[in-house]
Structures are given as structure tokens and as C-alpha cells.
Amino acid sequence: MATVRPFCAYRPPPAHAARVASPPYDVISTAEARALAAGGLHSFLRVSRPEIDLPEGTDEHDDAVYARGAQNLADLIATGDLAQDPEPHLYLYAQKMGDHRQIGVVGCASVAEYEQDVIKKHEKTRPDKEDDRTRHIEELGAHDEPVFLTYRAVAGIDSAVAQATQSPPIYDFTTADGVEHKLWLLGRAATADLEERFQQIPTLYVADGHHRSAAAARVHRKLRGDGGEHDVFLAVVFPHDQMNILPYNRVVRDLAGRGPEALLAALGERLDVAPAPVQDGAAATPAGPKAFGLYLGGRWYTAKVRPGSFDANDPVASLDCSICQDQILGPVFGVSDPRRDKHVDFVGGIRGVAELERRVDSGAFTVAILLYPTQIGELFSVSDAGLLMPPKSTWFEPKLRSGLFVHTF
């Protein structure tokens, strides 16, 4: 059974919520964070990206960065930009992006259940990123950014959430990207009801936040026995049928310096490649799985995977992102380890095809690869089999805003 525990959140007063809330640390660069937080002493980016308060060029893993993050969190509390609820609650967090709406339960998930695979994973973590998040969480003495969890939807939880959201939210604002954000604080009875309902859920799944959850487990192992509430980590838990997964596209540099004709010939040895019917990214966007859009030499192409060229019974090998690695990045471009190879990069689907064209047209990369998004059922199949997806297999939108709730230990 799954634990979703109420907690005493540090959160902004309603009038401060919009100015405190910030994008998660790992979807923006230091330069982007510095620009977004310019002149904003109240932005939570000062906690999640504390290097922006230090001289440009400061290594984001410098001791001073972690110390500054802890100081900035203390400052937000001291100035009243964050205040702690006196009693533990569960919360509901709703986001609306275009026609898509998702409502998640905000609470604390169990480290023990994470380690026992009641909370299942689908992605291998990178040691350097795990080290960074471990140091960050430990220095803060807090889980400042939530892990994005999902579960197979249950009608009873859907009904309880729907009923709770009939009351006015405590936060209701729209960010510059057009995403609407609402938050509800649940009373004792509603909190107890949802906590009990989640105890009937057999499995939770990490959708986004593998490094944060792994780091939380490491911090707990290190601090075990000191009495702190680090046996849990901050999470927002969404039903699977509200997940909005966008493609995680690739751009690659051809170290062999081949021209478009030679590259198309090499790609054509493995895939059925043809010019897109209309020369724009929309025409090359895959309408279904086992197909790619390719951009090189200023032109778009479609590429279809040949039947029998992959193991359809293997939940990992049959993923489009795996086929991309096995049939394109590896054999054509020599990318043996996409986690470490510097001549491949990953572009979240929210940035659109224009960003792919820009990367190639600038000369920084040779080919852009447009993927069909991984489906939530594929994520479940891989996780349930105890397997791992290739890196950068999923891009969830909208992203959870940071700073709306913080769990201290």
C-alpha cells in the first residue's frame, strides 16, 4: 500500500504566491534563472538556483552555492514570504495548460516504500546529479521541490478530489507561460479520508524527479536516527489518466562531417526515409509510434521503423526512444552512451520544432530527431518489469512550480 502523508508545509501567503513560485531548477539554465529572478528577491529561484546570487561564473556545485541556498530559504521564511502551517495537511494542486488540466495530491511519500519498490522507477540516475541534489537537500534541511508521482487512477480518489475542489482555492494565479495554478488546503476530515484511500493503492510510480527521490533516500540513510522527518520526501501525486507526456527530442552532431546526402543514405539503410510532404516540422511530426521526423540540411524528412527491426516483446527495446538510440544515434552517429556523449543533446517537446530547426541551422548540431511521445502505459510496463528506460524518455507538462510548498525536516 502507498503512503501519502500530510505535513506542515512552508508556503507563501496567498498574496505572495505568484511572485515566489518559480520553474523547477532542472528545466532552466543558470542564465535563464538569473534573468527570470532579476530584481526579484522573493523568487524561489534564489533557493533552487542559488548560484544566481553569486558572481557570474561561480560553479553551481561550489560550497558557497549550497550555503547560499540554505540562507536564502531562511531569508524567505524570515521575511514572511514562506510561513508554516501549524497543523499537517494534504493539499491539492491543479494546473491548466491550454485544454489540459491535472489535479494532484500534495503530501509526503515514504523513503522506505521508495527503497522497497512500492514506488517504482523507470530511469537510471546520474551520480553527479544525485550528488548535487543530495547536498542541496541536506544543506537546506528541506525538500524544496516535489517529486512528480503517478498511480493508476481510482474512482474513489477522483471523486474525493473533485468534491474538495468545489471550495475556493487558496492560490489562483496564472504564470507568464499561460499556465493556471490553483492550490487547496484540505481540512482534517478530507486529509484523513485521502490518506486512507491512498493506503489502498498498491504502487506509485516516479514520473519526474528520479534524482530528487534518490537523493532524499540518501539523505535519510545518512541522518537515520536523529529524529528528523527525513523518512519521507515531498511529492505531488497525479492519476495516470491526467498525465500529459510530450516527446523528448534529440539533436546530434555528426563528428564524421558527412553532408546531407551521405547521412540520408546511412539513415536509409535502417529506416524508410522520405521527404516530408510539406516542408515544415508539423508535416514531419510523427502521428503515431515507430516513426520519426528528421531535420537536416534545411529540410524535413519522415522516417518509419521497419517491422521486425526491434524486439516488440521487450518493453524497453520497443520504445521509440530506444529505437532512436539503437537504430540512429548508436550505429549512424556513434553515440554509445547518451548520458555522457557531448555530441548529442535533448530538447523537451514544449520548446517546439522551431527550437530543433534553430539548433541545426546554427551549425551547433547536424540532425534533429523528432520523436513520438512515450505513453503512460509504456512507462508502467517498463517499471512493473523492473526495467529502466533510456535517459530522457519522457517530458511531462505542465511542470510543477517550485516554492508553493516546502517540507522541512
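What counts, and where the lines are drawn
Residues numbered from 1 in each chain as written. Predicted model: local features only at pLDDT ≥ 70, side-chain atom pairs only at ≥ 80, totals over all residues. Heavy atoms only, no water. 1 Å grid on protein atoms, 1.4 Å probe; cavity = no way out; pocket = protein on both sides within 12 Å on 5 of 7 lines; lining within 4 Å. Points joined across faces, edges and corners; volume = space filled by probe spheres on them. Helix = DSSP H or I, 4+ residues; strand = E, 2+ residues; numbered from the N terminus. Nonpolar A, V, L, I, M, F, W, Y, C, P; charged D, E, K, R; others polar. Pairing = 2+ DSSP bridges. Contact = heavy atoms within 4.5 Å. Axes fitted to C-alpha atoms, helices over the stretch in contact; angles between N-to-C directions. Parallel < 35°, antiparallel > 145°, perpendicular 65-115°, else oblique. Left-handed = near helix turned anticlockwise from the far one by under 90°. Core = buried A, V, L, I, M, F, W, Y, C linked by side-chain atoms within 4.5 Å. Buried < 20%, exposed > 50% of the residue type's maximum accessible area, 1.4 Å probe, protein only. Phe/Tyr/Trp six-rings, centres within 6.5 Å; stacked < 30°, edge-to-face > 60°. Lys NZ or Arg CZ within 6 Å of the ring centre and 35° of its normal. Disulfide = S-S within 2.5 Å. Salt bridge = Lys/Arg side-chain N within 4 Å of Asp/Glu carboxyl O.

J.: How do you make sense of empty space enclosed by the protein when you look at a structure like this?
T.: Rolled over the atoms, a probe as big as a water molecule pinpoints where empty space is left. Scanning the model with the defined rule gives four cavities of 30 Å³ or more in all. For the largest cavity, the full set of lining residues is Arg133, His136, Ile137, His143, Asp144, Glu145, Val147, Arg212, Ala216, Phe233 and Leu234. Within the residue set of the lining of the largest cavity, elements represented by two or more residues are helix H6 (127-140), helix H9 (210-223) and strand S11 (232-239). Split by residue class, the lining of the largest cavity holds five nonpolar, two polar and four charged.

J.: For this particular structure, what's the right way to read the sheet that holds strand S5 (residues 119-120)?
T.: As a general point, the strands of a sheet are linked pairwise by backbone hydrogen bonds and lie either parallel or antiparallel. Reading across from one edge, S5-S10-S7-S11-S4-S3-S9-S8 is the order of the eight strands in this open sheet, with mixed pairing throughout. With partners counted over all chains shown, the strands left at the sheet margins are S5 and strand S8 (171-174), one partner each. Relative to strand S10 (residues 204-208), strand S7 (residues 147-151) runs antiparallel, the two sharing three bridges. From the neighbouring strand, Leu149 faces S10, where its bridge partner is Val206. The strands touched by helix H14 (residues 376-384) within the sheet are S5, S7 and S10, with S10 carrying the most contacts at an inclination of about 120 degrees.

J.: Would you mind going over the sheet that holds strand S17 (residues 344-348) with me for this structure?
T.: What the six strands build is an open sheet, ordered S14-S16-S15-S18-S13-S17; its pairing is antiparallel. The strands lining the two open edges of the sheet, one partner per strand, are strand S14 (271-275) and S17. Within the sheet, the average angular offset between the axes of one strand and its neighbour, ignoring direction, is 25 degrees. The sheet contact formed by strand S13 (residues 248-252) and strand S18 (residues 367-370) spans three bridges and is antiparallel. In the strand pairing of S18, Val251 is matched with Ala368.

J.: Please clarify how the packing of helix H7 (residues 155-164) against helix H8 (residues 188-198) should be interpreted in this entry.
T.: When two helices pack together, their arrangement is given by the angle between the helix axes and by the axis-to-axis distance. Across the interface, H7 lies against H8 with an axial gap of 10 Å and an inter-helix angle of 165 degrees. With respect to their mutual orientation, H7 and H8 come out roughly antiparallel. The element H7 and its partner H8 pack so that their crossing is left-handed. Of H8, the residues touching H7 (which contributes Gly156, Ile157, Ala160 and Val161) are Asp193, Leu194, Arg197 and Phe198.

J.: Can you help me understand the packing of helix H4 (residues 63-78) against H6 in this one?
T.: One way to put it is that H4 packs onto H6 with a least axis distance of 9 Å and a crossing angle of 40 degrees. As summarised for this structure, H4 and H6 are arranged oblique, according to the angle between their axes. Remark: the crossing between H4 and H6 carries right-handed chirality. Taking contact as the criterion, the partners of Asp63, Tyr66, Ala67, Gly69, Ala70 and Leu73 in H4 are, on H6, Asp132, Arg135, His136, Glu139 and Leu140. Tallied by class, residues from the contact of H4 with H6 come to five nonpolar, two polar and four charged.

J.: Explain the nonpolar core here, please?
T.: What tends to happen in soluble globular proteins is that the nonpolar side chains get buried as a cluster. Val106, Phe292, Ile369 and Phe405 are the most contacted members of the largest nonpolar core, which has 54 residues in total. Top element by residues in this core is helix H12 (residues 320-333). It accounts for seven residues. Counting residues in each nonpolar core, the second largest holds 31 residues, with Ala109, Val111, Val147 and Ala235 among its members.

J.: Sorry if this is basic, but what is going on with the pairing of S11 here?
T.: Regular strands have side chains that alternate between both faces of the sheet. Of all eight residues in S11, eight are buried; the element is thus mostly enclosed. The alternating pattern of S11 places Val232, Leu234, Val236 and Phe238 and Phe233, Ala235, Val237 and Pro239 on opposite faces, both of which are buried. Direction of pairing for strand S4 (residues 100-110) relative to S11: antiparallel, over a ladder of six bridges. Directly across from Val105, in S11, lies its bridge partner Val237.

J.: Would you mind showing me how to read the packing of aromatic side chains here?
T.: Any pair of aromatic rings gets described here by the distance separating the centres and the angle formed by the planes. Tallying each qualifying case throughout the model produces 10 aromatic pairs. Ring centres 6.2 Å apart and planes at 85 degrees place the aromatic pair Tyr114 and Phe233 in the edge-to-face group. Residue Tyr114 is located in helix H5 (residues 111-115), and its partner Phe233 is located in strand S11; the two are separated by 119 residues in the primary sequence. When sorted by exposure, Tyr114 lands in the same class as Phe233, which is buried. With a centroid separation of 5.0 Å and 45 degrees between ring planes, the pair formed by Tyr295 and Trp300 is classed as tilted. Each member of the pair, Tyr295 as well as Trp300, is classed as buried. Linked through ring pairs, Phe148, Phe238 and Phe396 together constitute an aromatic cluster. Lying over the aromatic face of Tyr114, Lys121 brings its terminal NZ or CZ to 4.1 Å of the ring centre. Over the aromatic face of Trp395 sits the side chain of Lys399, whose NZ or CZ is 4.1 Å from the ring centroid.

J.: Before we go on, may I ask you to explain the layout of surface pockets in this structure?
T.: Roughly 590 Å³ of internal volume is contained in the second largest pocket. Along its surface, the second largest pocket is lined by 26 residues, and Pro23, Ile28, Leu36, Asp177 and Arg401 are the ones closest to its centre.

J.: Sorry, what's going on with the state of the cysteines here?
T.: Cysteine pairs can be covalently joined through their sulfur atoms, and such a bond is termed a disulfide. What the rule picks out here adds up to zero disulfides. There is no disulfide at Cys324, and the cysteine sulfur nearest it, in Cys321, is 8.1 Å away.

J.: Just to check I follow, could you spell out the pattern of salt bridges for this structure?
T.: Where charged atoms from two side chains of opposite charge approach closely, those side chains can pair. This structure, assessed with the given rule, holds 33 salt bridges. Between Asp26 and Arg212 there is a salt bridge whose closest N-O contact spans 3.6 Å. Remark: Arg212 occurs in helix H9 and Asp26 occurs in the loop between helix H1 (17-20) and helix H2 (30-36); sequence separation between them is 186 residues. By relative accessible area, Asp26 is classed as partly exposed at 35%. Classification of Arg212 by relative accessible area gives buried; the value is 10%. Put simply, Glu269 and Arg270 hold a salt bridge, and the shortest N to O gap is 3.7 Å. On the accessibility criterion, Glu269 (57% relative accessible area) is exposed. Members of the salt-bridge network, linked through shared partners, are Asp345, Glu355, Arg358 and Arg359.

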